[in-house]
Amino acid sequence: MHKIAVFASGTGTNFEAIVEACNRGELDAEVVLLVCDKPQAAAVEKAHRFGIECFAFNPKDYASKEEFESQIVELLDRAGVELVCLAGYMRIVGSVLLGAYGGRIINIHPSLLPAFMGARAVERAVEYGVKVYGITIHWVDQTLDGGKIIAQRAFEYDGNDPEQVHRIGQQIEHKLYVETIKKILE
Ligand code: GAR
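Rules used throughout
Every chain is numbered independently, its residues counted from 1 as its sequence is written. Whole-chain, interface and lining totals are the exception, using all residues; otherwise, since this is a predicted model, local features are given only for residues with pLDDT of at least 70 and side-chain atom pairs are given and counted only at 80 or more. Excluded from the side-chain calculations are hydrogens and water; all other atoms, namely the structure's heavy atoms, are used. Angles shown run from 0 to 180 degrees and are taken between the N-to-C directions of axes, each axis being a line fitted to C-alpha atoms and, for helices, limited to the stretch in contact. What counts as a helix is a DSSP run of H or I of at least four residues, what counts as a strand is a run of E of at least two, and both are numbered from the N terminus. Between 65 and 115 degrees an angle is taken as roughly perpendicular, under 35 as roughly parallel, over 145 as roughly antiparallel, and anywhere else as oblique. Handedness of a helix crossing follows the sense of rotation of the near helix relative to the far helix, less than a right angle counterclockwise being left-handed and clockwise being right-handed. Every residue pair with non-hydrogen atoms within 4.5 Å of one another is taken to be in contact. In this count, Pro and Cys sit with the nonpolar residues alongside Ala, Val, Leu, Ile, Met, Phe, Trp and Tyr, while Asp, Glu, Lys and Arg are called charged and the others, Gly among them, polar. A pair of strands is labelled paired if DSSP reports no fewer than 2 bridges between them. Every case where a carboxyl oxygen of Asp or Glu lies within 4 Å of a side-chain nitrogen of Lys or Arg is listed as a salt bridge. A pair of aromatic rings is counted whenever rings of Phe, Tyr or Trp (Trp by its six-membered ring) have centres within 6.5 Å, and the orientation is called stacked for planes under 30 degrees apart, edge-to-face for over 60 and tilted otherwise. Between buried and exposed lies partly exposed: a residue is buried under 20% and exposed over 50% of the maximum accessible area for its type, with that area taken using a 1.4 Å probe on protein chains only. Criterion for a charge above a ring: Arg CZ or Lys NZ at most 6 Å from the ring centre, at most 35 degrees from the ring normal. Distance and chemistry together define a polar contact, namely a pair of N or O atoms within 3.5 Å, with one atom able to donate a hydrogen and the other to accept it when in protein, and with adjacent residues in sequence counting only for side-chain atoms on both sides. In this analysis the probe radius is 1.4 Å and the grid spacing 1 Å, with only protein atoms considered; a cavity is a set of points the probe fits into but cannot get out of, a pocket is an open set with protein on both sides within 12 Å along at least five of seven lines, and lining residues have an atom within 4 Å of a point. Grid points are joined across faces, edges and corners, and a volume is the space filled by probe spheres set on the points.

S.K.: How would you summarise the packing of helix α1 (residues 13-23) against helix α2 (residues 42-50) if you had to cite specific residues and measurements?
M.R.: At a closest axis distance of 9 Å, the pairing of α1 and α2 adopts a crossing angle of 20°. The orientation of α1 relative to α2 falls into the category roughly parallel. α1 and α2 meet at a crossing whose hand is right-handed. Seen from α1, the contacting residues are Thr13, Phe15, Glu16, Val19 and Glu20; seen from α2, they are Ala43, Lys46, Ala47, Arg49 and Phe50. A class-by-class count of the residues in the contact of α1 with α2 yields five nonpolar, one polar and four charged.

So this is what it looks like as C-alpha cells:
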C-alpha cells in the first residue's frame, strides 16, 4: 500500500476524490497526511472527517518558507510518504521541500499548460475568449506551473461564465487525478 500526502488551500474536492478512490480500493494507496496553509479551509474539515492526519498552518507564524517547509518535510518523512499531490495548494514549492521530495511532487492545474500558468487561470482564459479549456497534471519543479507534463484533458466551452468552466473542469480533475496517480504508483 503506497503512502500519499495531499496539499490543499481551499475546498479540497480533489483531496476528497483521492481519499475516496483509496477507500474504494481503486488506488492501492492511503492518504496519510493533508497539508494545508489555511487553517480555516474546508479541506481541513474534510481531513478531520476522514480521520486523516492534518498539518494546518499559518505561514505568517513562521519566519520563512524554509522554516515551515522543514516542518512539512519532517512530517512527510515520519509518515513514509512516497508521493506528494498538490491539489489547489496555492503556494510555490520552495527549495527545502523540492530538495527533499523533488521528483515525487505532482500538481493539478486548471488550464492546458503552458497556457495560463499561475493564479486565476480559468478567469483569465474566459476573459481571453478561450474556446478549448483543459486540465493539466505535471511534475513540480522550481518554476511556477512549469514542470514536465504528465497528463492533460481538454474540453470545449463557448461562453463567459468562469463558474461553469470550474464546474466542468473539476469533474474532469477528480477522475484525471486518480487515473494519473494510479499510473504513477504502478
Ligand atoms: C483545482 O481546480 C485546481 O486545479 C486548482 O485549485 C482547485 C482546487 O480545488 N489549482 C490551481 O489553480 C493551482 N494553480 P479543490 O480544493 O476543490 O481540490
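S.K.: Any chance you could break down the sheet that holds strand β4 (residues 83-86) for me, citing the residues and the numbers?
M.R.: Strands sit in the order β3-β2-β1-β4-β5-β6-β7 across an open sheet of seven strands; the sheet is mixed. Lying at the two open borders of the sheet, with one neighbouring strand each, are β3 (54-56) and β7 (149-156). On average, adjacent strands in this sheet sit at an angle of 20° to one another, irrespective of strand direction. Pairing analysis gives seven bridges linking strand β1 (residues 2-8) to strand β2 (residues 29-36), with the strands arranged parallel. Across the sheet, His2 pairs through a bridge with Ala29, a residue of β2. Relative to the sheet, α1 contacts β1, β2, β4 and β5 (105-109), its axis offset from that of β2 by approximately 160°.

S.K.: Tell me about the pattern of salt bridges, and name the residues and values.
M.R.: The full count for this structure, using the stated rule, is seven salt bridges. The closest approach of N and O atoms between Arg91 and Asp37, which form a salt bridge, is 2.6 Å. One end of the pair, Arg91, is in the loop between β4 and α4 (95-101); the other, Asp37, is in the loop between β2 and α2, with 54 residues separating them in the sequence.

S.K.: Outline the packing of aromatic side chains, supporting the account with residue identities and numerical values.
M.R.: Under the counting rule described, the total for this entry stands at nine aromatic pairs. Look at Phe57 and Phe68: their rings are 4.8 Å apart centre to centre, the planes differ by 40°, and that puts the pair in the tilted class. Highlighted residues: Phe57 in the loop between β3 and α3 (65-79) and Phe68 in helix α3, separated in sequence by 11 residues. For the pair Phe57 and Phe68, one class covers both residues: buried. Here the aromatic residues Phe55, Phe57, Tyr62 and Phe68 are joined through ring pairs into a cluster of three or more. Its end group placed over the ring of Phe50, Arg49 keeps NZ or CZ at 5.4 Å from the ring centre.

S.K.: So what's going on with the side chain of His109? Residues and values would help.
M.R.: Among the structural elements, His109 can be located in strand β5. Looking at His109, its side chain comes within polar contact range of the main-chain oxygen of Phe116, at 2.7 Å. Side chain to side chain, His109 and Asp145 meet in a polar contact 3.4 Å long. The residues touching His109, leaving out its near neighbours within four places in the chain, are Phe116, Met117, Gly118, Ala121, Gly134, Ile135, Thr136, Asp145 and Glu173.

S.K.: Could you give an account of the layout of surface pockets, naming the residues involved and the relevant values?
M.R.: Taken as a whole, the largest pocket spans an internal volume of roughly 830 Å³. Forming the walls of the largest pocket are 41 residues, and the residues nearest its centre are Gly88, Tyr89, Met90, Ile108 and Pro110. Put simply, the parts of the chain that give the lining of the largest pocket at least two residues each are α1, β5, α5 (121-128), β6 (132-139) and α6 (162-185). If you tally residues by element for the lining of the largest pocket, the top one is α6, at five residues. Counted by class, the lining of the largest pocket contains 17 nonpolar, 18 polar and six charged residues.

S.K.: Mind laying out the pairing of β4, listing which residues take part and the relevant values?
M.R.: Neither face of β4 is exposed, since Leu83 and Cys85 on one face and Val84 and Leu86 on the opposite face are all buried. As paired strands, β1 and β4 are joined by four bridges and run parallel to one another. What sits directly across from Ile4, in β4, is Leu83. Across three bridges, β4 lies against β5 in parallel orientation. In the sheet register, Val84 faces β5, and the bridge partner there is Ile105.

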